[in-house]
Amino acid sequence: MGSEVTLKLPVIDFTNLKLEANNPNWEEVKSQVHKALVEYGCFEAIFDKVPLDLRKAIFGALQDLFDLPLQTKILNVSKKPYHGYVGQYPMVPLFESMGIDDATIYDKVESMTNILWPDGNQSFRHVPLKFSNAYILSELDQIIRKMVLESLGIEKYLEEHMNSTNYLLRVMKYKGPQTSDTKLGLSAHTDKNIVTILYQNQVEGLEVLTKDGKWISYKPSPESFVVMIGDSLHAWSNGRLHSPFHRVMMSGNEARYSTGLFSIPKGGSIIKAPEELVDEEHPLLFKPFDHVEFLKYYYTEKGQADSFALRTYCGV
């Protein structure tokens, strides 16, 4: 009797790839990206632009951040749903999270830092900015999205597509449940944005659901990131790209820290599939929608109970 094959996320190497350059392996990597996002909606990315010392520094900064008193952390607020402090939920008691809107803009990061640390915190101010700035993770986001549009044959929309988004940096902590039994860290869900890039410490927990209903456990590596498609890009691509369900399951004593750089549709921008992606073989799946209005629905009691909230909200 043969042993069951362990499922793993596709691994794609972006080493030496640049956004604005002649890259001899661009076409090969683009093909891998397209295949992974169609079949899995996500992949593990090897990306060499983030220095090792910065990768280590991000988790020290996160520990300082989440060690702040609750009355300080709740000062992290946003007008957008789920963009500020999130925690104290009975259904997911191990989880808490904070957000930095426009995380590639120095003034935005400085403003949040001054709210949380009125006396100053130079190390925190610079770590998230460096981690998410246009020369590091946001470049990976833009490379991937350029490849996606080229693969779909709609690169003429690239400038419009890139200009319709900004970046949210979400930082997350999952407390160790202090038991060998597996406990829920975060419920199964799809992301609602364009592209998510996740980086975490070496504590396992992230699981991704395949199209045929099998959970893939991700084993984190210091050298790699997880790239994942959100519902907004799934809708914009008229369903050509898969938006995967994923969850976090925790065991043991150690806390899991992770960061997520999310490319987010700007307020007022309308998600609408390009006409080139709608035909007899691929009928329109979703009516045009405003991302922020969709989030308002998603974070209602009805929306939270609906596993397919996007389809309910604007499905054809």
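Predicted model only: the values in this text are computed from it and were never measured.

Visitor: Help me understand the pattern of salt bridges, please; the structure alone is not making it clear to me.
Guide: A side chain with one charge may pair with a side chain of the opposite charge, provided their charged atoms come close. Here the structure, examined in full by the defined rule, presents 11 salt bridges. With a closest N to O distance of 2.7 Å, Glu207 and Arg247 form a salt bridge. Of this pair, Glu207 sits in strand S7 (residues 206-209) while Arg247 sits in strand S10 (residues 246-252), and the two are 40 residues apart along the sequence. The exposure class assigned to Arg247 is partly exposed, which follows from its relative accessible area of 22%. The closest approach of N and O atoms between Glu293 and Lys296, which form a salt bridge, is 3.2 Å. Taken as a pair, Glu293 and Lys296 lie in helix H9 (residues 291-298) at a separation of 3 residues, close to a single helical turn. Under the relative-accessibility criterion, Glu293 is labelled partly exposed at 36%. On the basis of relative accessibility, which here comes to 45%, the residue Lys296 falls in the partly exposed class.

Visitor: What's the story with the layout of surface pockets in this structure? I'm lost.
Guide: Any empty space left between the atoms is revealed when a probe the size of a water molecule rolls over them. Size it by volume and the largest pocket reaches roughly 990 Å³. Forming the boundary of the largest pocket are 38 residues, of which Tyr82, Leu186, His189, Tyr298 and Tyr299 lie nearest the centre. At the level of secondary structure, the elements contributing two or more residues to the lining of the largest pocket comprise strand S4 (165-174), strand S5 (179-189), S10, strand S11 (256-265), H9 and helix H10 (301-304). Here the second largest pocket defines a volume of roughly 440 Å³. Along the walls of the second largest pocket sit 24 residues, with His234, Ser243, Phe286, Phe308 and Arg311 positioned nearest its centre. At 3 residues, the largest contribution of residues to the lining of the second largest pocket is made by helix H11 (residues 309-314).

Visitor: Sorry if this is basic, but what is going on with a nonpolar patch on the surface here?
Guide: Taken together, the side chains of Val278, Leu284 and Val316 present a nonpolar region at the surface, about 240 Å² in accessible area. As for its placement among the helices and strands, Val278 is situated in the loop between strand S12 (270-271) and strand S13 (289-290).

Quick notes on the rules
- Residues numbered from 1 in each chain as written.
- Predicted model: local features only at pLDDT ≥ 70, side-chain atom pairs only at ≥ 80, totals over all residues.
- Heavy atoms only, no water.
- Salt bridge = Lys/Arg side-chain N within 4 Å of Asp/Glu carboxyl O.
- Helix = DSSP H or I, 4+ residues; strand = E, 2+ residues; numbered from the N terminus.
- Buried < 20%, exposed > 50% of the residue type's maximum accessible area, 1.4 Å probe, protein only.
- 1 Å grid on protein atoms, 1.4 Å probe; cavity = no way out; pocket = protein on both sides within 12 Å on 5 of 7 lines; lining within 4 Å.
- Points joined across faces, edges and corners; volume = space filled by probe spheres on them.
- Patch = residues over 30% accessible without salt bridge, like charges linked within 9 Å, V, L, I, M, F, W, Y side chains within 5 Å.
- Areas by Shrake-Rupley, 256 points an atom, 1.4 Å probe, with all protein chains shown as cover.

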